[in-house]
Every structure is written in structure tokens, then in C-alpha cells.
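Listed here are the chains, written in short residue letters.
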Amino acid sequence: MRISKGALLVVIAVLIPFIVEFRTALSWFGIEISVLESLVLGAVVVLAIVIWAVWPPNGDAEAEPTGSS
Amino acid sequence: MRNAYVDQFPAEAKVIKAAFWSSFLALAIGGSLGLLQALHRTDVLRIMEAPDYYTVLTAHGVLLAITFTIFFLVGIFTWGVTTSLDRGLVDLRFTWGWYAMMVVGTVLVGVSILGGVVDAIPMNADVLFTFYAPLQPHPAFYVGLVLFVVGTWLAGADWFRTWLAWRSDNPDERIPLPTFMALTTTLFWYLCTLGVALSILLLLLPWSLGIVDSVNPLLTRTLFWYFGHAVVYFWLMPAYMLWYVMLPKLSGGKLFSDPLARVVFVLFLLLSTPTGIHHQYLDPGIAEGYKFIAMTNTMFLLLPSLLTAFTVVASMEHGARQRGGTGYLGWLKALPWRDPVFTGMALAGLMFAAAGFSGMINAGMNINYLVHNTWWIVGHFHLTVGTAVALTFMAAAYWFIPQVTGKELWNRSLGLVQVLVWFVGMTFMSNAMHRSGLFGVPRRTAEPQYENFAFEPAAGSMGEINAQVALGATLLTVSLALFLLNMVMTSLGGSSDEIPDNTYAETLSGPEDAPVVLDNLKLWTAIATVLVIFAYTLPLASIIDAGGLFGPGIDGFQLAIEAGPAFVLESVREVIA
Ligand code: HEM
Ligand SMILES: [Cu+2]
């Protein structure tokens, strides 16, 4: 893992507003994508991030200090 | 040896626990009603009559914006004062007294609102949380509000007398930061609630009792907003306090600057109240110039919030680097994202930044006309009070409930999921509400669809925006249920030795770096009072001059009693004809 599981979940959550409003933003340039296309796009981006996160170059992210007292 | 709050202050811990549970109860009821509203408005599920919608909306607004927030924050401030002074409250009977007073006030208000849907209760209070005249509730509603507010005044007095007792033992020491925050907040709370208390006791209550037969709606409205903007800082200051004293510690570091934090709280004391007229940009009867002054003060209020963003993020970065984080942005990875307390507060702060942007739009006199009374506003304050405050409080509860009960949190991972689901749910609901407002969807309307008229979103369709609201509201309710489940299960659990010590963040730059004048509470209160006099004397005088203290014969209007659908139709016809 490159980042902790917690961080990965947070990244995915924070991504959601961007995906939702990306569609709105595109429509200003006359590019209309459907809800389904938007969902597929979101799924692809999430998948890419998950793959990036679990790719194993340094497997120590989970071993980080958890210092959450 | 375990050294949690409950070990240090067992008696105070009981009061705080009671206050927290009162607030959770309000959150549970109010939140569920929120789902009902969202589904009703979006026509996904309509299980109530349209007039009942206003009873529900009143309960939602009062229970969440007043009851939930304030019960929680009196708990937080009591914790902050006792922990940072390292001393118990002066007299616990007094403490239970103000708590009881707040409970009695809440029950009166709650029952009078409930009367709107339960025939057996001969009351109603379908006046929404702003109780604008001529909408008229049962007098019990006003009495309850006053009792509740007086309860909070006594709570403030409790913190003050505890601090004074401490000061006579420690005459040369600086006020510890959390106590400083609680006291400055209390001071502007006194200043602002005075207006609404006078309005209720001298004008509205006598009117609802029939002692006087009229009110001046513009006057009572202005006095409401005299309090109504400062109350948002009353909610927000405890959240700020948690960001200042908890987030740096959770990140593994220290608070960047104690002096800067003091400056921020002083600025809020000065500027919270003389800004209320920014809620009345569209009210006829208040001259533009006064509105302009309120706008200017409001824009100055951005400063302490920007200072807070800077200090808190700098402290988090410091903590992350202490934990081995490196790089320009790479330090973000070193933060404790698996901890729901940290992540909840951090996401709440992030959403607050977004709320700051929509808030600037609300605050601009000219552009406010575009969004006034639309769903944009509702989207905005679900980011501020509904997330920056509510999510911070929920996240904090994951730390506080173990502290005040001595029981370990039932399920931390579920806590993390809960705060993330709230964030995602609010993304959908609030975003869609903001966008609805831009094309004119009104707030406070049960069924916003009209004959021969269709809303035209700039992008997408009304249907999908409604779907986003419904989806978001559902996710929020799920999140709420997960939160309450975790709290109940934690409370049912057994006592644990694994509770962390009751501490808060140390500082990189401490109080010794702060000018002594910052602790001069009398000075700041005096300046705050002068600013209020400047901002309000002339507008109030001209409102009274134009409409009279008691207005021009305004009769009370009781929605639930008089306004069957036929009655409403009738009066609409009259207006049109
Ligand atoms: C389960 C989560 C929630 C949902 C689904 C929800 C839903 C809603 C909806 C749909 C409205 C708009 C009604 C209208 O304009 O007709 C509303 C209004 C409001 N909400 Fe929420 N809400 C939630 C949580 C909160 C929280 C946590 C707070 C504050 C701490 C809050 C405070 C308010 C206030 C003050 C109003 C305005 C009431 C009025 O116009 O008089 N809500 N809510
Ligand atoms: Cu305001």
C-alpha cells in the first residue's frame, strides 16, 4: 500500500464532489455526458486510484505511526 | 493509571454526559425529520399533508440549529474550562440547575411544536425557527425559548465564576486558551441574546398572550437577526475550539500559534453581532446605507476565518512532519486518516471552506438578491451548521464519550465510515440545493412545483437534481443512524482502562508571545458594545419611527389552526383579485 486504507477511503470520498460537478463543468463547454457515463467515469477513476494505492513499491504505509490517541 | 476526564472530574463528567445525550436525542429526531422533508419536496415519498410540512420544518430547524448544537457546545465548553483551568466547577448544584432549565425550555418548545400535528395537544407553533411575526405560536413556545436561553446565560456565568475562582488563586497567569475561547464566546452570546430576549419578553410574548394587540414585524425581525447572525458563531466557536486544541494533537503536533488563536476569538467577539442586518438585504424599511455597513462588517469577518484556516492547517502540517511526513504535499499522507475523530473534523473543515465561498455570495448585497430565500441558502447552511459544526461535533463525540464515560468506543472503523458517508451525503444534498437555488427553487415550500411553470436548470435536469437531494438526504440519515448506533453501543459497553489521557494540544508559540491586552475581556466587550450601538441604533430608531413600537395593528396568524388548504386558497385568491 502506498497510502493507508483510511487515507484511500478519504481520497475516494473527496473525489465524489469533483466527479459530480465535472459533469456540470463540462456542460458549460457544450459537452453533455449522461449520468451513466459520469458513473462509469467515476468508477474508472476510483479503480485507477485503488490500483495506484495498492501497488506495492513500499509496503509500509499501514505500519505508520497511528498516533491517534 | 488511567487519567481520562471522568477520572479527573467525575461529577462534571456526569453533567457533560447528560448534555451530550440531550443533544444526540435532538439530532436523532431532527435528522429523521430532515429526511422526511427532503423526500417530500422532491416528491419521492409524500406521507404528510402539506400544512404539516411546516410543523416538521419548525421542529427540524429548532431541534437541530438550537437544541442539538447548544446542548453539545455547553458540554464542550464545560470540558474546556475545567480541563484547562485544572479545576472543577464552583458549585455542581448550580450547574445541574442551568442544565435543567435548558431541558425544561426545550420540552416546552418541543411540545408546543408537536401540537401542530397532535390534536390532543391544544397548542401550535408552526412558526419555523425564525418565528417571524405575524406568524404566532402558543406563548409556551416563547417561554420555552426564553428559559432555554437563560439556561445558557447561567452556563456562561458558571464558566465565568469558575475562571474568577481560578484567577484569585493564579493572579499572574494568562487565561488558558480553551477558557479564553469559552469566555469570549460567552460574552458575545450575552450581547446578542439580549436583543432577542427583549424582543420576546417585551413584544412577542405580550402579543401572544393578548396583553398588547399588535407587533411591529420589521422590529421583531430585526431583533431576531440581531441575535441570528451571532448565534451562528455561537455554534461555530466550539467547533473552532476543537479544531485549534484537538486537531493539532491528533495530527501528532502542536498548535502553531496561541496568540493568533486569541486574536481570532477577539475578532469574533467584536464582529459577530453588528452584522445581523446582512440577513435582511431584501427587507423593505431598512435603508441601503445600514445594509452596507452590515455588509462591510461581514466582509471583515472573513479575516478570522481565514486566520483559522491558516493556523489549523499549519498545525496539521507540523504534526504530519513530526510523524515523518515529507514533501510539498506528501505530508498529507502522514496524517491519521484512519481516526474518525481526526478525519471527521478535517472533512468538516474542508466543507466549511466550501461554505465560505457560498457565504461570500450570500454576503454581497447585490448578488444576494439572486439567491435570497432560495434553496441555495439551505445548501449553504447545511455546509456550515449542518456539517462544519455537526460533523465536528459527531467526530468529537468519538473522543469525548469515552472521556466522560470511561468506556471505549464501540467501533472505530464504523466511526470512520460514518464521517465519510456524512461527507458524501452532504456533497450530494448541499451541492444540489445550491444549484437549485441558482435557478430559483424556493426554500420553505412543501411542494415546489407549479402549474404552467417549469424550473430550468442551467445544466442537467430538475429530476436529477432532485434525485441528488434525495440520495444525499438518505446517505445523511444512514450516517446519522451509524453515529447513534456507535454511541449507544459504546454506552452499553463496560468500563475500559484503554482510554487516552484527557489532554489537549500544546503550542509552538504560546501565550507568553501574545500581547497581554488580548486577555483584557472588559476592553473587548466595551468595543463590541460600541460597535453594536453604531450598527443598530439608527436602523432600530428608524424602524420604530416608521412602524411604531407595536406596529400598525398586526394580528397573529396561526398556520395550523386557521390555514386549512381551503383557507390558504381563499386568501391567495383574495390577494390575486
Ligand atoms: C439527516 C440530515 C439532514 C437532512 C436530510 C436535512 C434536510 C433538510 C431540508 C430538505 C431542508 C429544507 C426544507 C425547505 O427549505 O423546505 C432543511 C432545512 C434546515 N435544516 Fe436540515 N437536514 C439535515 C441535517 C441538518 C443539520 C445537522 C442541521 C443543523 C445542525 C440542519 C439545519 C437546518 C435548518 C436550520 C433548516 C432551515 C429550516 C427553516 O427553513 O426554517 N439540518 N434540512
Ligand atoms: Cu449571518
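Residues numbered from 1 in each chain as written. Chains lettered and ligands numbered in written order. Predicted model: local features only at pLDDT ≥ 70, side-chain atom pairs only at ≥ 80, totals over all residues. Heavy atoms only, no water.

### So, the overall build of chain B
Point 1. Across its full length, chain B carries 20 helices and two strands.
Point 2. Over its C-alpha trace chain B gives a radius of gyration of 23 Å, about what one expects of a compact globule, namely 25 Å for 577 residues.
Point 3. A principal-axis box enclosing the C-alpha atoms of chain B has dimensions of 75 × 50 × 45 Å.
Point 4. For chain B, the residues scored as buried account for 59% of the 577 residues in total.
Point 5. Summing over all exposed atoms, chain B offers an accessible surface of approximately 21,900 Å²; the carbon and sulfur share of this is 68%.
Point 6. Taken together, the 26 basic and 36 acidic charged side chains of chain B have centroids lying 8 Å from each other. (Helix = DSSP H or I, 4+ residues; strand = E, 2+ residues; numbered from the N terminus. Rg over C-alpha atoms; globule rule 2.2 N^0.38 Å. Buried < 20%, exposed > 50% of the residue type's maximum accessible area, 1.4 Å probe, protein only. Areas by Shrake-Rupley, 256 points an atom, 1.4 Å probe, with all protein chains shown as cover. Lys, Arg positive; Asp, Glu negative; His and termini not counted. Charge placed at Lys NZ, Arg CZ, Asp CG, Glu CD.)

### Quick word on the packing of aromatic side chains
All names here are of chain B.
Point 1. Under the criterion given, the structure shown has 43 aromatic pairs over all chains.
Point 2. Between Tyr-398 and Phe-483, the aromatic rings sit 5.8 Å apart at their centres with planes inclined by 70 degrees, giving edge-to-face as the arrangement. Note that Tyr-398 is positioned in helix 15 (residues 375-405) and Phe-483 in helix 17 (residues 462-492), a separation of 85 residues in sequence. Taken individually, Tyr-398 and Phe-483 each receive the classification buried, so the pair is uniform in this respect.
Point 3. Members of the aromatic cluster, joined through ring pairs, are Phe-20, Trp-21, Phe-24, Phe-68, Phe-72, Trp-79, Phe-393, Tyr-398, Trp-399, Phe-400 and Phe-483.
Point 4. The residue whose ring lies beneath Arg-41 is Trp-375, and the NZ or CZ to ring-centre distance is 3.8 Å.
Point 5. For Arg-161, the ring lying beneath its charged end belongs to Phe-94, and the centroid distance is 4.8 Å. (Phe/Tyr/Trp six-rings, centres within 6.5 Å; stacked < 30°, edge-to-face > 60°. Lys NZ or Arg CZ within 6 Å of the ring centre and 35° of its normal.)

### A word on the packing of helix 6 (residues 177-208) of chain B against helix 7 (residues 217-228) of chain B
Residues and elements named next belong to chain B.
Point 1. At a minimum axis separation of 7 Å, helix 6 and helix 7 run at an interaxial angle of 155 degrees. Accordingly, the angle class assigned to the pair helix 6 and helix 7 is roughly antiparallel. The crossing of helix 6 and helix 7 is left-handed. Contact residues: helix 6 offers Trp-189, Leu-191, Cys-192, Thr-193, Gly-195, Val-196, Ser-199, Leu-203 and Leu-204, while helix 7 offers Leu-219, Thr-220, Leu-223, Phe-224, Tyr-226 and Phe-227.
Point 2. Counted by class, the contact of helix 6 with helix 7 contains 11 nonpolar, four polar and no charged residues. (Axes fitted to C-alpha atoms, helices over the stretch in contact; angles between N-to-C directions. Parallel < 35°, antiparallel > 145°, perpendicular 65-115°, else oblique. Left-handed = near helix turned anticlockwise from the far one by under 90°. Contact = heavy atoms within 4.5 Å. Nonpolar A, V, L, I, M, F, W, Y, C, P; charged D, E, K, R; others polar.)

### Details of the UniProt feature "domain: Cytochrome oxidase subunit I profile" (unreviewed entry) in chain B
Point 1. Per the UniProt entry, the sites bearing "domain: Cytochrome oxidase subunit I profile" (unreviewed entry) are residues 23-492 of chain B in this numbering.
Point 2. Span residues 23-492 of chain B is 73% helix and 1% strand, its end C-alpha atoms 18 Å apart. (UniProt positions renumbered as here; feature names shortened; annotations may be inferred.)

### A closer look at the coordination of the iron atom of ligand 1
All names here are of chain B.
Point 1. For the iron atom of ligand 1, the full set of protein donor atoms is His-60 (NE2) and His-382 (NE2), and the range of their distances to it is 2.0 Å.
Point 2. Considering all six donor atoms around the iron atom of ligand 1, the spread of angles at the metal, 86 to 179 degrees, places the coordination shape in the octahedral class. Residue His-60 is found in helix 3 (residues 50-85), and its partner His-382 is found in helix 15; the two are separated by 322 residues along the sequence.
Point 3. Residue classification places His-60 among the buried residues on the basis of a relative accessible area of 13%. (Donors = N, O, S within 2.8 Å, 3.2 Å for Na, K, Ca; no water. Tetrahedral: all angles 85-135°; square planar, octahedral: opposite > 155°, others 65-115°.)

### Concerning helix 18 (residues 521-547) of chain B
It helps to recall that an α-helix has 3.6 residues per turn; residues three or four apart then point in one direction.
Residues and elements named next belong to chain B.
Point 1. If you check helix 18, its first and last C-alpha atoms are 37 Å apart, about what 27 residues at 1.5 Å a residue would give, namely 39 Å.
Point 2. At Tyr-536, helix 18 is deflected by roughly 35 degrees, the largest bend along its length, and proline Pro-539 occurs up to four residues later in sequence.
Point 3. Among all positions of helix 18, only Leu-521, Trp-524, Ala-528, Val-532, Ala-535, Tyr-536, Pro-539, Leu-540 and Ile-543 are buried.
Point 4. Packed against the buried residues of helix 18 are helix 5 (139-169), helix 6, helix 7, helix 10 (258-271) and helix 11 (288-300).
Point 5. In the segment just after helix 18, Gly-548 is the residue with positive phi, at about 80 degrees. (Expected span 1.5 Å × (residues − 1). Bend = angle between axes of the 7 residues up to and from the residue.)

### As for the coordination of the copper ion (ligand 2)
Residue and element names in this part refer to chain B.
Point 1. Within the protein, the copper ion (ligand 2) binds to His-229 (ND1), His-278 (NE2) and His-279 (NE2); these donor distances fall in the range 1.8 to 2.1 Å.
Point 2. Between the donor residues of the copper ion (ligand 2), the gaps in sequence give the motif H-x48-H-H. Taken together, the residues His-229 in the loop between helix 7 and helix 8 (230-245) and His-278 in the loop between helix 10 and helix 11 connect sequence positions 49 residues apart. Accessibility assignment for this pair places His-229 and His-278 in one class, buried.

### Remarks on empty space enclosed by the protein
All names here are of chain B.
Point 1. Following the criterion strictly, the structure yields two cavities of 30 Å³ or more and no others.
Point 2. Lining the largest cavity are Val-62, Ile-66, Thr-67, Gly-105, Thr-106, Val-109, Gly-144, Leu-145 and Phe-148.
Point 3. Put simply, the parts of the chain that give the lining of the largest cavity at least two residues each are helix 3, helix 4 (92-114) and helix 5.
Point 4. Around the second largest cavity sit Pro-274, Thr-275, Gly-276, Ile-277, Tyr-290, Ile-293, Ala-294, Ala-535 and Tyr-536, which together line it.
Point 5. When contributions to the lining of the second largest cavity are tallied by element, the ones reaching two or more residues are helix 11 and helix 18.
Point 6. For the lining of the second largest cavity, the residue count by class is seven nonpolar, two polar and no charged. (1 Å grid on protein atoms, 1.4 Å probe; cavity = no way out; pocket = protein on both sides within 12 Å on 5 of 7 lines; lining within 4 Å. Points joined across faces, edges and corners; volume = space filled by probe spheres on them.)

### Quick look at unusual backbone geometry
Residues and elements named next belong to chain B.
Point 1. The amide bond that connects Ala-133 to the next residue, Pro-134, takes the cis arrangement and shows omega of 10 degrees.
Point 2. If you check the backbone angles, Asp-86 has positive phi at about 55 degrees while not being a glycine.
Point 3. Mapped onto the secondary structure, Asp-86 falls in the loop between helix 3 and helix 4.
Point 4. Residue class for Asp-86 comes out exposed when judged on its relative accessible area of 63%.
Point 5. The phi dihedral of Phe-131 is positive, around 30 degrees, even though this residue is not glycine.
Point 6. Along the chain, Phe-131 falls in the loop between helix 4 and helix 5.
Point 7. Note on Phe-131: relative accessible area 6%, which makes it buried.

### Remarks on the side chain of Asn-362 of chain B
Point 1. With respect to the element layout, Asn-362 of chain B can be found in helix 13 (residues 340-363).
Point 2. Here Asn-362 of chain B is in contact with Tyr-281, Asn-368, Val-371, Trp-376, Ile-377 and His-380 of chain B, once residues within four sequence places are set aside.

### Thoughts on the interface of chain A and chain B
Point 1. Opposite the 24 residues of chain A that make contact, chain B presents 26 residues.
Point 2. Taken together, the links from chain A to chain B amount to two salt bridges.
Point 3. In this structure, Glu-464 of chain B and Arg-23 of chain A form a salt bridge, with 2.6 Å as the shortest nitrogen-oxygen distance.
Point 4. Counting every contact that joins chain A to chain B gives three residue pairs in polar contact (both at pLDDT 80 or more).
Point 5. Take the side of chain A that touches chain B: its biggest share by element is 13 residues, from helix 1 (residues 5-27) of chain A. (Salt bridge = Lys/Arg side-chain N within 4 Å of Asp/Glu carboxyl O. Polar contact = N/O pair within 3.5 Å; in protein donor to acceptor, adjacent residues only side chain to side chain.)

### Some thoughts on the site of ligand 1
Residues and elements named next belong to chain B.
Point 1. Looking at ligand 1, there are 29 residues lining it, with Arg-41, Tyr-53, His-60, His-382 and Arg-444 nearest.
Point 2. The side chain of His-60 places a nitrogen or oxygen atom 2.7 Å from a nitrogen atom of ligand 1.
Point 3. At a separation of 2.9 Å, an oxygen atom of ligand 1 approaches a polar side-chain atom of Arg-443.
Point 4. At the level of elements, helix 2 (10-41), helix 3, helix 15, helix 16 (412-438) and helix 17 are the ones that each hand at least two residues to the shell around ligand 1.
Point 5. It is helix 15 that contributes the most residues to the shell around ligand 1, seven residues altogether.
Point 6. Partitioned by chemical class, the residues of the shell around ligand 1 number 18 nonpolar, eight polar and three charged. (Near = heavy atom within 4 Å.)

### Thoughts on the UniProt feature "transmembrane region" (unreviewed entry) in chain A
Point 1. The feature "transmembrane region" (unreviewed entry), as given by UniProt, occupies residues 6-26 and 38-55 of chain A in the numbering adopted here.
Point 2. In residues 6-26 of chain A, the share of helix is 100% and the share of strand is 0%. The end C-alpha atoms are 31 Å apart.

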